[in-house]
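# Remarks on the overall topology
Next come the chains, spelled out residue by residue.
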Amino acid sequence: TDAPVVAPTDAPVVAPTACNECSNDRTPWMKNNEVKCYTYSKIKRKCANNKRWRNNNYCQLSCFLNEVEYEGDNCCAGPPTNPPTNPPADTPTNCTVCTNETTPWMRRNDINCDTFQKLNQKCKNNAV
């Protein structure tokens, strides 16, 4: 027997969803303590799991990259087609310049990177 012939349909073709540029705006506490979104150790506990963070879209790009995105977010993870002249604040680049810059807490306690005994526990070697 012959196989049945299937007629073409006019079914709509769904186009891929465009991504949006997302910010990495920090909380006031993060700004005061010089904490960046992409190195924040508690990012997965915050983001979509915290009402204040949801209401303000704090660390939007970092939340998306850590799979705790805000409802409806589809952030562009790579560079946009027409990149802005100035990249968004707090957005990680391919290369991170390292410094021995002290935190506010270290300065208040007269501690520097050479004398801080728990430095290896605090540093992030693989920032996202």
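Residues numbered from 1 in each chain as written. Predicted model: local features only at pLDDT ≥ 70, side-chain atom pairs only at ≥ 80, totals over all residues. Heavy atoms only, no water.

### Details of the overall build of the protein chain
- In terms of regular secondary structure, the protein chain is built from five helices and zero strands.
- Reading the protein chain from its N end, one meets helices and strands in the order α-α-α-α-α.
- Burial status across the protein chain gives 25% buried among its 128 residues. (Helix = DSSP H or I, 4+ residues; strand = E, 2+ residues; numbered from the N terminus. Buried < 20%, exposed > 50% of the residue type's maximum accessible area, 1.4 Å probe, protein only.)

### Comments concerning the state of the cysteines
- All told, the structure shown has four disulfides when counted by the stated rule.
- Sulfur-sulfur distance for the disulfide between C47 and C63 comes to 1.9 Å. Across the S-S bond linking C47 and C63, the dihedral sits near -80°, which makes this disulfide left-handed. Of this pair, C47 sits in the loop between α1 (28-32) and α2 (51-56) while C63 sits in helix α3 (residues 60-65), and the two are 16 residues apart along the sequence.
- Of the residues examined, C47 reaches a relative accessible area of 0% and is grouped as buried.
- Overall, C63 belongs to the buried group, its relative accessible area being 0%. (Disulfide = S-S within 2.5 Å.)

### Quick notes on unusual backbone geometry
- Positioned with a positive phi, E34 is a non-glycine residue whose angle comes to about 55°.
- Positionally, E34 belongs in the loop between α1 and α2.
- Under the relative-accessibility criterion, E34 is labelled partly exposed at 37%.

### Remarks on the environment of C47
- Considered as a pair, C47 and N57 are ten residues apart in the sequence and their alpha carbons are 7.5 Å apart.
- Contact partners of C47, with chain neighbours within four places excluded, come to W53, R54, C63, V68 and Y70. (Contact = heavy atoms within 4.5 Å.)

### A word on the side chain of R26
- Relative to the helices and strands, R26 resides in the segment before α1.
- Of the polar contacts made by the side chain of R26, one reaches the backbone oxygen of V35; its length is 3.3 Å. (Polar contact = N/O pair within 3.5 Å; in protein donor to acceptor, adjacent residues only side chain to side chain.)

### Here we look at the nonpolar core
- Listed in full, the twelve residues of the largest apolar core are M30, V35, C37, Y40, I43, C47, W53, Y58, C59, C63, V68 and Y70.
- With residues near it in sequence (within four places) discarded, C59 still touches S23, N24, D25, M30, C37, I43 and W53. (Core = buried A, V, L, I, M, F, W, Y, C linked by side-chain atoms within 4.5 Å.)

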